[in-house]
Every structure is written in structure tokens, then in C-alpha cells.
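# Observations on chain architecture
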Amino acid sequence: MNGLSPEAIEGLRSPLARVVEVHEALDSTQARARELARAGTPHGTLVVAEVQTGGRGRLGRRWGSPKGGLWMSLVLRPGFDVGLAARITQTAAVGVAKALWEIGVEARIKWPNDLLVDGRKICGILAESSIENVPVAAKRVRPASVDRRLDFVVLGVGMNANLDPADLEVPDREVATIRSELSRDADVLDLLRALLSNLETELARIEDFGGVLQDWRTLNCTLGERVRVQRFGETLEGRAADLSPEGALLLETSRGTIELFEGEIEQLRRNCDGDFL
Ligand code: BTN
């Protein structure tokens, strides 16, 4: 498919692609990777599909996945504490952005982890964690307690690669593809190599999150912008001032600075191309 075969991918010798499945069509690579993870597949399992019939995005949205895109999910079993799981999406966004720059696409990160080119989305990232409650041996005086352990993470990457924006059936002004940006198709194996290698590097330094966030700041197109956010049924507007040490967005509003841990922001001005919406 698209020049990708399990043998070619295994030939990349990436620690993130030790076990590889390539499908012509699948409901969702995310669902398949989760199924494999539950059955015990190791860290570094990669599922790729040429077409997804039920691709899923953040907030339960549908993710259009026709032929020509790179639709993939990775099973990760990171050896770190559950408290670090929330860092994965922004860390992955930095890895994906660096991979895109390597192949010549000047993508920017919209908080928390969308990849945009001139305000148009070129790639989406979906990280889903599975946390286990592990009973811990009772201490002498205390009752048995429970530790929360990160069992696995399924990291989905939906890259609009070798297809036209019109193929994605959303307004053209909202999406970009590698083909539309480079005016040629990418070698999908080279693209995958760049993605796996940058994801590996960034995930390996997740404990130095300050360093990851410094790169995030360099690559982003949200900070300094006026944004609108829906939160708990209310609409907030303000200036995206900075990130907290754990990656929350610090929004300066007329009521003071608000820390946002999740959500969908709407940029009222596009930093990437300077156009007013
Ligand atoms: C987003 O909403 O921005 C995240 C989109 C993530 C889409 C990818 S495509 C591969 C993987 N399989 C899915 O069903 N979703 C993710």
C-alpha cells in the first residue's frame, strides 16, 4: 500500500515499529491498536491502514481517512509514572512537527496538538491512555492500597499526505495536505521514517518536559494570539499568553489569567498567515 509493506517498515528498524500491521482497509487503526494492546502486544506496535472507514478524531469527531493519507496508531508502553501521561500529546506534536519540517513542510502547532500550515490542519494526533489499578502489598499498619499504573497508550497520527484537500470532504480553507504544500507527493516510507524517529526522540525526553515545551513554543502558532474557548458551557475570550510547566494554556482574560488543561480553542486571528477570520 502507498509503498508501505510490513517488510519495508520493519526495515526502518525503529523501536516504535517492532511489530507491524499494514491493512488495506480498517475501521480505525486506533481501535485495532487498542485491541492488540489489550491482548498484550509489546511497546512499539504499529498499525497502518490505507483507508479507514470509521476513523476517529478528538472529542468523538469523525476523521475522514481516504486513500493517500498516512493513518497510523502506535502502541506505547512507556515505563513512566501515570502522572506523565498527559504530556504525551504535546510531546508527540513536537515530534510530528519536526518530522514535517524535515520533509519540507513548515507546520506549526495549534494548542494543544493540531498541526497546521497557514492556519489549515494537516495532521491530527489522538493519544488514549489505559490506566490499570494495581494492588500494592499492604504495609504493616495501613490497609492494602492501590497504585495507578500506565498500562499502555495508543497514539494515533492522522497525516493528510498524498491527497488533495478536496478528497477530505471538508472546506478547502480548513485543510492542507503534504501534496498541496509541496506540490508533489511525499515518499511515504521517508515520511514514516521521519515520524518514527522524531517521535522516539521526543518521547525519550518526556521527563524533561521543560525542554519539550521550549520546542513546542518555538513551533507553535497559538501563543500571543486572541482565542475563544468553550468551557463548562461558557465562552471565554482572551490572549493565549503562555504555557504552564505542565503544558496548560494560560489565557489572559478580563477576569484574570485562566489555566486551561484541555479543550478546543478557536484562534480569532491566524498567526500562521496573519489573516483575520
Ligand atoms: C484529531 O481530532 O485531530 C485527531 C485525529 C486523529 C486521527 C488518527 S488517524 C489514525 C488513528 N485512527 C483513528 O481512528 N484516529 C487516529
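Higher on the page you've got the structure.
What you see is a predicted model, and the numbers here were worked out from it, not measured in a lab.

What counts, and at which threshold
Residues numbered from 1 in each chain as written. Predicted model: local features only at pLDDT ≥ 70, side-chain atom pairs only at ≥ 80, totals over all residues. Heavy atoms only, no water. Helix = DSSP H or I, 4+ residues; strand = E, 2+ residues; numbered from the N terminus. Expected span 1.5 Å × (residues − 1). Buried < 20%, exposed > 50% of the residue type's maximum accessible area, 1.4 Å probe, protein only. Polar contact = N/O pair within 3.5 Å; in protein donor to acceptor, adjacent residues only side chain to side chain. Arc of directions from axis to C-beta. 1 Å grid on protein atoms, 1.4 Å probe; cavity = no way out; pocket = protein on both sides within 12 Å on 5 of 7 lines; lining within 4 Å. Points joined across faces, edges and corners; volume = space filled by probe spheres on them. Nonpolar A, V, L, I, M, F, W, Y, C, P; charged D, E, K, R; others polar. Salt bridge = Lys/Arg side-chain N within 4 Å of Asp/Glu carboxyl O. Contact = heavy atoms within 4.5 Å. Core = buried A, V, L, I, M, F, W, Y, C linked by side-chain atoms within 4.5 Å. Near = heavy atom within 4 Å. Areas by Shrake-Rupley, 256 points an atom, 1.4 Å probe, with all protein chains shown as cover. Sits in = over half its atoms within 2 Å of the grid points.

## As for helix H5 (residues 188–204)
Given a rise of 1.5 Å per residue, 17 residues ought to cover 24 Å, and the 24 Å separating the end C-alpha atoms of H5 matches this to within 8%. Among all positions of H5, only Val188, Leu189, Leu191, Leu192, Ala194, Leu195, Leu196, Asn198, Leu199, Glu202 and Leu203 are buried. Among the residues of H5, the N-terminal cap falls to aspartate 187, whose side-chain oxygen and the backbone nitrogen of leucine 189 are separated by 2.9 Å.

## Structural notes on helix H2 (residues 29–38)
What H2 keeps buried is the set Thr29, Gln30, Ala33, Arg34, Leu36 and Ala37. Down the axis of H2, the buried set is contained in an arc of 160°. They therefore lie on one face. Where H2 starts, the residue carrying a side-chain oxygen 3.1 Å from the main-chain nitrogen of glutamine 30 turns out to be serine 28. Backbone geometry just downstream of H2 places glycine 40 in the positive-phi region, at approximately 100°.

## A look at the layout of surface pockets
Gaps between atoms show up when a probe of the same size as a water molecule is rolled over them. Computed from the structure, the largest pocket encloses a volume of approximately 970 Å³. For the largest pocket, the lining is made up of 43 residues, of which Arg61, Trp63, Asp114, Lys121 and Glu174 are closest to its centre. When residues of the lining of the largest pocket are traced back to their parent elements, those giving at least two are H2, strand S3 (70–76), strand S5 (114–117), strand S6 (120–136), strand S7 (145–159) and strand S12 (265–267). The element contributing the most residues to the lining of the largest pocket is S6, with five residues. Here the lining of the largest pocket is built from residues that sort into 14 nonpolar, 15 polar and 14 charged. Roughly 570 Å³ of volume is contained in the second largest pocket. Lining the second largest pocket we find 21 residues, and of these Ala86, Thr89, Pro112, Phe261 and Glu262 sit closest to its centre. Those elements that place two or more of their residues in the lining of the second largest pocket are helix H3 (88–102) and S6.

## Points about the pattern of salt bridges
On inspection of all chains with the given rule, the structure shows 24 salt bridges. Between lysine 121 and aspartate 114 there is a salt bridge, with the nearest N and O atoms lying 3.0 Å from each other. Given a relative accessible area of 4%, aspartate 114 falls into the buried group. Linking arginine 179 and aspartate 185 is a salt bridge whose minimum nitrogen-to-oxygen distance equals 2.7 Å. Through salt bridges with shared partners, a single network forms among Lys98, Glu202, Arg205 and Asp215.

## A short note on the side chain of aspartate 151
Mapping aspartate 151 onto the fold places it in strand S7. Among residues more than four places away in sequence, those in contact with aspartate 151 are Arg77, Ser130, Ile131 and Glu132.

## Let's talk about the environment of glutamate 266
In this fold, glutamate 266 is placed in strand S12. Under the relative-accessibility criterion, glutamate 266 is labelled partly exposed at 37%. When the C-alpha atoms of glutamate 266 and glycine 54 are compared, they prove to be 26 Å apart, with 212 residues separating the residues in sequence. The residues touching glutamate 266, leaving out its near neighbours within four places in the chain, are Arg226, Val227 and Arg228.

## Overview of the nonpolar core
Counting 69 residues, the largest nonpolar core has Leu70, Met72, Leu100, Leu115, Met159 and Ile178 as the members making the most contacts within it. If sequence neighbours within four positions are ignored, isoleucine 178 has contacts with Leu100, Ile103, Val105, Ile122, Met159, Asn160, Ala161, Ser183, Arg184, Ala186 and Leu191. Listed in part, the nine residues of the second largest apolar core include Leu26, Ala37, Val47 and Val75.

## Notes on the site of the ligand
Around the ligand, 18 residues are found, and the nearest of them are Ser28, Gln52, Arg56, Arg58 and Lys121. Taking threonine 29, its side chain carries an N or O atom lying 3.0 Å from a nitrogen atom of the ligand. Arginine 58 is positioned such that a nitrogen or oxygen atom in its backbone is 2.6 Å from an oxygen atom of the ligand. Coverage of the ligand by the protein chains reaches 98% of its 410 Å² of free accessible surface. Using a 2 Å cut-off from the grid points, one finds that the ligand occupies the largest pocket. Looking at the shell around the ligand, the elements with two or more residues in it are H2, S3, S6 and S7. For the shell around the ligand, the leading source of residues is S6, giving four residues.

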